[in-house]
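Here's the letter readout for the chains.
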Amino acid sequence: MGTGNWTRVTEFILMSFSSLSTEIQSLLFLAFLTIYLVTLMGNSLIILVTLADPMLQSPMYFFLRNLSFLEIGFNLVIMPKMLGTLLAQDTTISFLGCATQMYFFFFFGVAECFLLATMAYDRYVAICSPLHYPVIMNQETRAKLAAASWFPGLPVATVQTTWLFSFPFCASNKVNHFFCDSPPVLRLVCADTARFEIYAIVGTILVVMLPCLLILCSYTHIAAAILKIPSAKGKHKAFSTCSSHLLVVSLFYVSSSLTYFRPKSNNSPESKKLLSLSYTVVTPVLNPIIYSLRNNEVKNALIRTFHKALSLRNCIL
């Protein structure tokens, strides 16, 4: 049904990487499929190992499980449809499917911001108050902190997605992206979106900057505490417990900030697609690798789990 230049959109077309040749898209499919499978297996392995190994029952690994679960969800929202567009050229996505994808993209994105801040607070307590750490970060507290990290994604995703998809859309339904992100979908709207854009900018700044400030505050106190440790070995041991988290935080915030806070004049659709890949595809696969390679406790737990699996297999055979 159309009225003037407006039309009732029932589906969208994801332009994805359609400007590239078929051969390059096939190579991208193989690369992204490999990354997708490694992401699912790596994060699932982190969840299973931190649940099963008795040496990994500290609050840090409880929050790491939450992060791995979040990365799996984030990946499931983006990757299957992107792989479908590359393999079968199935570029259409329903109106409801697009809204659902955007909703969960916002939900997991906001949750990750706050979860990274919670993990920074956990490191702050562990290093600055080691004697009180087990008491402060008891099971009830860590459950509340995890819930507080996941909750902000609900109102942000609900308000932003509902508001955006209540606008009328123009005749074009082509989304120049590989998933239903807010800016490319907003370009298809046939209405005054000034108030929405102000809300989106303010909301994004708050969601990104508030957790970022909490992280900076935590690590400022952590750095001060580490500098007071007399021995070089003690300093290295204290810093090593934070290095994996710092690297993950840097990857996430640098890539997302470059995507959403660059001037529009420097933000072409193609460059945004490349930047979006960094935090939707690359970061989720790097997180389990970073925590596995840079954390001796996780490495040892993975080795123990592998040996147990081999022993069980030999017993069965």
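Reading the values: the criteria
Residues numbered from 1 in each chain as written. Predicted model: local features only at pLDDT ≥ 70, side-chain atom pairs only at ≥ 80, totals over all residues. Heavy atoms only, no water. UniProt positions renumbered as here; feature names shortened; annotations may be inferred. Helix = DSSP H or I, 4+ residues; strand = E, 2+ residues; numbered from the N terminus. Expected span 1.5 Å × (residues − 1). Buried < 20%, exposed > 50% of the residue type's maximum accessible area, 1.4 Å probe, protein only. Arc of directions from axis to C-beta. Phe/Tyr/Trp six-rings, centres within 6.5 Å; stacked < 30°, edge-to-face > 60°. Polar contact = N/O pair within 3.5 Å; in protein donor to acceptor, adjacent residues only side chain to side chain. Axes fitted to C-alpha atoms, helices over the stretch in contact; angles between N-to-C directions. Contact = heavy atoms within 4.5 Å. Nonpolar A, V, L, I, M, F, W, Y, C, P; charged D, E, K, R; others polar.

- As annotated in an unreviewed UniProt entry, the protein chain carries the name Olfactory receptor and comes from Nannospalax galili.
- Here is the UniProt Subcellular location (unreviewed entry) comment for the protein chain, exactly as written: "Cell membrane".
- In its Sequence similarities (unreviewed entry) section, the UniProt entry covering the protein chain states "Belongs to the G-protein coupled receptor 1 family."

## What to know about the UniProt feature "transmembrane region" (unreviewed entry) in the protein chain
At step 1: Per the UniProt record, "transmembrane region" (unreviewed entry) is found at residues 27–51, 63–83, 103–124, 145–165, 198–226, 238–254 and 274–293.
At step 2: Secondary structure content for residues 27–51 is 100% helix and 0% strand, while the C-alpha to C-alpha distance between its ends is 36 Å.
At step 3: Along residues 63–83 the backbone is 100% helical and 0% strand, and the end-to-end C-alpha distance reaches 30 Å.

## Some remarks on helix H5 (residues 139–150)
At step 1: Compared with the 16 Å implied by 1.5 Å per residue over twelve residues, the 17 Å span of H5 between its first and last C-alpha is a close match.
At step 2: Listed as buried for H5 are Arg-142, Ala-146, Ser-149 and Trp-150. Along the long axis of H5, the arc covered by the buried residues comes to 95°, so they all point the same way. Among the exposed residues of H5, those oriented more than 90 degrees off its buried face are Glu-140 and Lys-144.

## What to know about the packing of aromatic side chains
At step 1: In this structure the tally under the stated criterion is 26 aromatic pairs.
At step 2: Taken together, Phe-17, Phe-32, Phe-74, Phe-105, Phe-106, Phe-178, Phe-179 and Tyr-279 form an aromatic cluster joined through their ring pairs.

## What to know about the side chain of Asp-122
At step 1: Looking at the element boundaries, Asp-122 is found in helix H3 (residues 95–128).
At step 2: A polar contact of 3.0 Å, which involves the side chain of Asp-122, links it to the side chain of Arg-123.
At step 3: Engagement of the side chain of Asp-122 in a polar contact is seen with the side chain of Tyr-133, the distance being 2.6 Å.

## Concerning the packing of H3 against H5
At step 1: It is the contact of H3 with H5, at a shortest axis distance of 7 Å, that shows an interaxial angle of 145°. Two secondary-structure elements touch here, H3 through Phe-107, Phe-108, Ala-111, Phe-114, Leu-115, Thr-118 and Tyr-121 and H5 through Leu-145, Ser-149 and Trp-150.
At step 2: Each residue belonging to the contact of H3 with H5 can be placed in one class, and the counts come to eight nonpolar, two polar and no charged.

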